[in-house]
Amino acid sequence: MNKMLFITTNHEHSNDMRINNVQAFLEVAQVDFFGPGYVSQEKLEEGLSSFWKENGGYDILVLDFSLAMLQQEYLDIRLAFHWHRYFMSDYSIYQSIRWVDNIVNDAKQIEAVKLLLYQFDTYTFTEIWENCINDLLSCGFYFWGSGSEYFSPLIIDEEMRKRGGSNRYYCFCQKNKAKIISMSESTVSPKEYFSNSLKDRMYDMTIPGNLDAFYYPERAKITKIMETSGYKVYDQYYERDFAYRMSVSRISQNIYWHEEDKLLDEKLESPCPYIDSKMTRESIVMWRENYNVALRKSKIGYACGGCANQLVRKYAEIPARGALLLCQNIKPLKNYGFKDWENMVTVTSDNVLEICDYLFKNPKEMQYIADNGRKMVFEKHTPIRQARHIIKAIEVIKTGTFGGSYWEDGEFIIKQL
């Protein structure tokens, strides 16, 4: 069995897909963790190389980009906190900043199969991030993240550019195809599946997620249409913008998690809007359960690809909960394994009412499509299945014949040289 070392920070995220995808490796490999929150400060002081030798070495090293990127961005502390606001942890971000240089530099020198785990934004993929990744690739790392088959090149207008949008990530994937282990974050663990029949569900539809009209224009349109159509739409979400909220309170009103945060604000002479917007475990639990209730109680769930036209996890979560997936037609759907009117139904704001009228008049067909969607996601996109794909790719890397990977019709394909 392979020995794997994950180098990351011990944190929680409002969406638990990230930790599910990592924990799945516990079933297929011998796994250890190194980084702030996982080992003592004494071990961090001794360094990664010492930890590696002390434990007899590993076959596989996985470096989490969310840690590696701090090596580039801690010079702009506001960007570091912009990232950190998504996470719930029992340690200060300063611990990550303090040790990141030593950790990443040691990782570059270690001889093993090395993967860089990228679970970050693709729409606002920055030049700083790309330079950081290219540096690691030049040191023998392979890239574990979504490949270009999950995206289409965007037409970047002035508003997109102002909001950080670009085709940089797509171009990066095109240039580095031979180094990419292509894996979407959109997996669903077995504990999340639900199979109650549609006829027993209370709501006709739910449209989960942020309704920002710029980032999710179709989602916002469909919500307005359905809420005024006479259909019963779930509208009891705990917080629509949970992952995006920012506080604008002054320093004197802030409740700081760590004294260093307060000192930083005082040094900057103005509050960093991300420091006091941290989540609590209680709010994370409430958010997750509220989200699950919405999907389990609804006959239909709508998902869109946002302004980036990419496959978000809702495309997998909705059918996994047994609801029929109604969605925007985007390029990755076929690659992921979706087929229109077989395991999901594509719609636009122009025809959504017509299609919903048809579906509700044909409940057997509606149930058939929903069942097929749940079956497809369960068979192809669980964390353990993803872990096995990655182990397979690693075995090919060890032979020196790995030429990249991609998804086609729901199947993971490895190119061999």
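What comes next concerns the included structure. Everything numeric in this text was worked out from a predicted model, so none of it was measured.

Cut-offs used in this document
Every chain begins its residue count from 1, and numbering advances along the sequence as written. It should be noted that, the model being predicted, local features are given only for residues of pLDDT at least 70 and side-chain atom pairs only at 80 or more, the latter also being counted only at that level, while totals for whole chains, interfaces and linings use all residues. Calculated side-chain values reflect all of the structure's heavy atoms, with hydrogen atoms and water omitted. Numbering of helices and strands starts at the N terminus; helices are DSSP runs of H or I of at least 4 residues and strands are runs of E of at least 2. Partly exposed describes any residue whose relative accessible area lies between the buried limit of under 20% and the exposed limit of over 50%, with all areas from a 1.4 Å probe on protein chains only and scaled to the type maximum. What makes two residues a contact is simply this: any of their non-hydrogen atoms within 4.5 Å. For every accessible area listed, the method is Shrake-Rupley and the probe measures 1.4 Å; residues are considered covered only by the protein chains on display. Between 30 and 60 degrees the pair is tilted, below 30 it is stacked and above 60 it is edge-to-face, where a pair is any two Phe, Tyr or Trp rings, Trp via its six-membered ring, whose centres lie within 6.5 Å. Only when the NZ atom of a Lys or the CZ atom of an Arg is both within 6 Å of the ring centre and within 35 degrees of the ring normal do we say a charge sits over the ring. Angles here are taken between N-to-C directions and fall from 0 to 180 degrees, while the axes themselves are lines fitted to C-alpha atoms, restricted in helices to the stretch in contact. Should an angle lie under 35 degrees it is considered roughly parallel, over 145 roughly antiparallel, and from 65 to 115 roughly perpendicular; all remaining angles are considered oblique. Definitions for this section: a left-handed crossing has its near helix turned counterclockwise from the far helix by less than a right angle. A right-handed crossing has that turn clockwise. Charged means Asp, Glu, Lys or Arg here, nonpolar means Ala, Val, Leu, Ile, Met, Phe, Trp, Tyr, Cys or Pro, and polar covers whatever is left, Gly included. By definition, two strands form a pair when at least two bridges between them are found by DSSP. Between the first and last residue of a helix there are one fewer steps than residues, each counted as 1.5 Å, and that sum is the expected span. The quantity called bend is, for any residue, the angle between two axes fitted respectively to the seven residues ending at it and the seven beginning at it. Basic side-chain nitrogens of Lys or Arg form a salt bridge, by our definition, when they fall within 4 Å of a carboxyl oxygen of Asp or Glu.

Section: the overall build of the chain
Next, step 1: Within the chain, the secondary structure is distributed over 18 helices and 14 strands.
Next, step 2: Out of the 417 residues in the chain, the part that is buried amounts to 58%.
Next, step 3: A separation of at least 24 residues holds for 76% of the contacts in the chain among residues at least 6 apart in sequence.
Next, step 4: A total accessible area of about 18,200 Å² is found for the chain, and carbon and sulfur atoms account for 49% of it.

Digging into the packing of aromatic side chains
Next, step 1: What the rule picks out here adds up to 33 aromatic pairs.
Next, step 2: Within the aromatic cluster, the residues linked to one another by ring pairs are Phe65, Tyr118, Phe120, Phe125, Trp129, Phe143, Phe151, Tyr169 and Phe172.
Next, step 3: Over the face of the ring belonging to Phe214 we find Arg163, whose NZ or CZ atom lies 4.1 Å from the ring centre.

Describing the packing of helix H11 (residues 217-227) against helix H16 (residues 352-361)
Next, step 1: It is the contact of H11 with H16, at a shortest axis distance of 10 Å, that shows an interaxial angle of 55°. In terms of orientation, H11 lies oblique with respect to H16. For the crossing formed where H11 meets H16, the hand is right-handed. Here Ile222, Ile225 and Met226 of H11 come into contact with H16, specifically with Val352, Leu353 and Cys356.
Next, step 2: Tallied by class, the residues present in the contact of H11 with H16 amount to six nonpolar, no polar and no charged.

As for the sheet that holds strand S12 (residues 345-346)
Next, step 1: The four strands are arranged S9-S10-S11-S12 in an open sheet whose pairing can be described as parallel. Single-partner strands in this sheet number two, and they are strand S9 (203-206) and S12.
Next, step 2: Where strand S11 (residues 324-327) and S12 come together, two bridges link them in parallel fashion. Bridging across to S12, Leu326 finds its partner in Val345.
Next, step 3: Its contacts with the sheet put helix H17 (residues 363-380) on strand S10 (298-303), S11 and S12, and the angle it makes with S11 is roughly 90°.

Re helix H7 (residues 93-109)
Next, step 1: Here H7 spans 25 Å end to end across 17 residues, near enough to the 24 Å set by a 1.5 Å rise per residue.
Next, step 2: The largest bend along H7 reaches roughly 50° and is located at Trp99.

Re the environment of Gly209
Next, step 1: Examined against the element boundaries, Gly209 turns out to sit in the loop between S9 and H11.
Next, step 2: Owing to a relative accessible area of 13%, Gly209 belongs among the buried residues under this scheme.
Next, step 3: When residues no more than four places from it in sequence are discounted, the contact partners of Gly209 are Arg219, Arg240 and Lys314.

Focus on the pattern of salt bridges
Next, step 1: Enumeration over the complete set of coordinates arrives at 20 salt bridges.
Next, step 2: One salt bridge connects Arg296 with Glu289, and the closest N-O pair in it is separated by 3.0 Å.
Next, step 3: Among the residues examined, Arg296 registers a relative accessible area of 24% and is labelled partly exposed.
Next, step 4: Salt bridges here are not isolated pairs; linked through shared partners, they connect Glu192, Arg313, Glu317 and Arg321.

Points about unusual backbone geometry
In most cases, non-glycine residues show a negative phi, while peptide bonds are predominantly trans.
Next, step 1: With a phi angle near 50°, Asn309 is a residue other than glycine that sits in the positive phi range.
Next, step 2: Position of Asn309 relative to the elements: it lies in the loop between S10 and helix H14 (314-320).
Next, step 3: On the basis of relative accessibility, which here comes to 27%, the residue Asn309 falls in the partly exposed class.
Next, step 4: Non-glycine residue Asp409 carries a positive phi angle of around 55°.
Next, step 5: Mapping Asp409 onto the fold places it in the loop between strand S13 (402-408) and strand S14 (411-416).
Next, step 6: Taking the relative accessible area as the measure of exposure, Asp409 reaches 37% and is therefore partly exposed.

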